[in-house]
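Residues per chain, in single letters:
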Amino acid sequence: MKKLLKVLLVCVMAVSLAACGGNADSSSKKILIGISPDYPPYESLDGDKMVGFDIDMTEELFNIMKENGHDYEYEFKQLSFDTISTSLVADQIDLGISGFTYHEEWENVIWSNKYNDSRQVALVASDSPITTVADLNGKNIGAQLAATGESVANEIDGANVKAVKDVKVLIETLNSGGIDAVILDEAVAKNYVKEAGYRMLDETLLEEENLIITNENNQDLMDDINEALKVFVESDKYQELKTKWGA
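Here is a short report on the structure shown in this document.

Two elements in contact, helix H2 (residues 53-67) and helix H8 (residues 236-245), have axes whose closest approach is 10 Å; the angle formed by their N-to-C orientations is 165°. As summarised for this structure, H2 and H8 are arranged roughly antiparallel, according to the angle between their axes. H2 and H8 meet at a crossing whose hand is right-handed. Residues Phe53, Asp56, Met57 and Glu60 of H2 form the contact with H8, whose own contacting residues are Lys237, Tyr238, Leu241, Lys242, Lys244 and Trp245. The class makeup of the residues in the contact of H2 with H8 is 5 nonpolar, no polar and 5 charged.

The structure is reproduced here in structure tokens:
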């Protein structure tokens, strides 16, 4: 009888501990982050692994939020850039971190404080006769679909704009001569100058800032993100990552 009672007590304790452990796990909130890993140095694929400034920044932000007492866990969901904002509005993801810059026309979206300065520039082939922004007039211009680069390209006089989802396709098309220039964030353009020998025009087409986005119903989450961003951009780690990735 005593032996049976001891066994029952052990079982009760085990169930209680399991229940406590389950409660601890369920208290953490999983944040699903939409990302388009085709925009080095912000985010790209190295084999099956995502790498880039935004990847490392996200890890830092969630570590800071954890230190601030917020029990968040996160997971990336790979999406095409043009579907991230709509996925946010549809509550299919919680955050968008993918080198975003401000889009006034995007509704039901909250924008974070900035984490980096940016500007839109033109990338051309090394032997291109295009040397100034004025030379872009009437040319075939590529840009990422739904990115601010597409809007900038559409403002170029007489430009024939080709907008596609994947930046790598734009670069391949530029390489083959199918387009004359690509409009990109400066850090991305510099990456292709360094890695593939393209040439970037010096003139700025648009001054911008990199931001994080979320659904308008996630103000509490964005408040926590902004709190972490303030700590991050004032840290030595921020400068270290900017140097590491050329962002």
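This paragraph deals with the packing of aromatic side chains. How two aromatic rings sit relative to each other is set out by the distance from centre to centre and by the angle between their planes. As enumerated under the stated definition, the model contains 12 aromatic pairs in all. With centroids separated by 6.4 Å and ring planes inclined at 50°, the aromatic side chains of Phe53 and Phe232 adopt a geometry described as tilted. In this pair, Phe53 sits in helix H2 while Phe232 sits in helix H7 (residues 219-233), placing the two residues 179 residues apart along the sequence. Across the pair, exposure class does not vary: Phe53 and Phe232 are buried alike. Feature note: the residues Phe81, Phe100, Tyr102, Trp106 and Trp111 constitute an aromatic cluster, connected by ring pairs.

With that out of the way, let us pick up helix H6 (residues 186-196). Along H6, the residues classified as buried are Glu186, Ala187, Val188, Ala189, Asn191 and Tyr192. The secondary structure elements touched by the buried residues of H6 are strand S2 (38-39), strand S8 (116-124), helix H5 (167-176), strand S11 (181-185) and strand S12 (199-200). Immediately beyond the C-terminal end of H6, within one or two residues, lies Gly197, with a positive phi of roughly 80°.

A word on the side chain of Asn218. If you trace the backbone, Asn218 turns up in the loop between strand S13 (206-215) and H7. Looking at Asn218, the relative accessible area reads 16%, which means it is buried. In this structure Asn218 touches Asp94 and Ile110, once residues within four positions along its chain are discounted.

Note that Thr214 resides in strand S13. Given a relative accessible area of 0%, Thr214 falls into the buried group. Non-local contacts of Thr214, meaning those with residues more than four positions away in its chain, are made with Leu88, Asp94, Leu95, Asn108, Val109, Ile110, Leu221 and Met222.

Definitions and cut-offs
Residues numbered from 1 in each chain as written. Predicted model: local features only at pLDDT ≥ 70, side-chain atom pairs only at ≥ 80, totals over all residues. Heavy atoms only, no water. Axes fitted to C-alpha atoms, helices over the stretch in contact; angles between N-to-C directions. Helix = DSSP H or I, 4+ residues; strand = E, 2+ residues; numbered from the N terminus. Parallel < 35°, antiparallel > 145°, perpendicular 65-115°, else oblique. Left-handed = near helix turned anticlockwise from the far one by under 90°. Contact = heavy atoms within 4.5 Å. Nonpolar A, V, L, I, M, F, W, Y, C, P; charged D, E, K, R; others polar. Phe/Tyr/Trp six-rings, centres within 6.5 Å; stacked < 30°, edge-to-face > 60°. Buried < 20%, exposed > 50% of the residue type's maximum accessible area, 1.4 Å probe, protein only.

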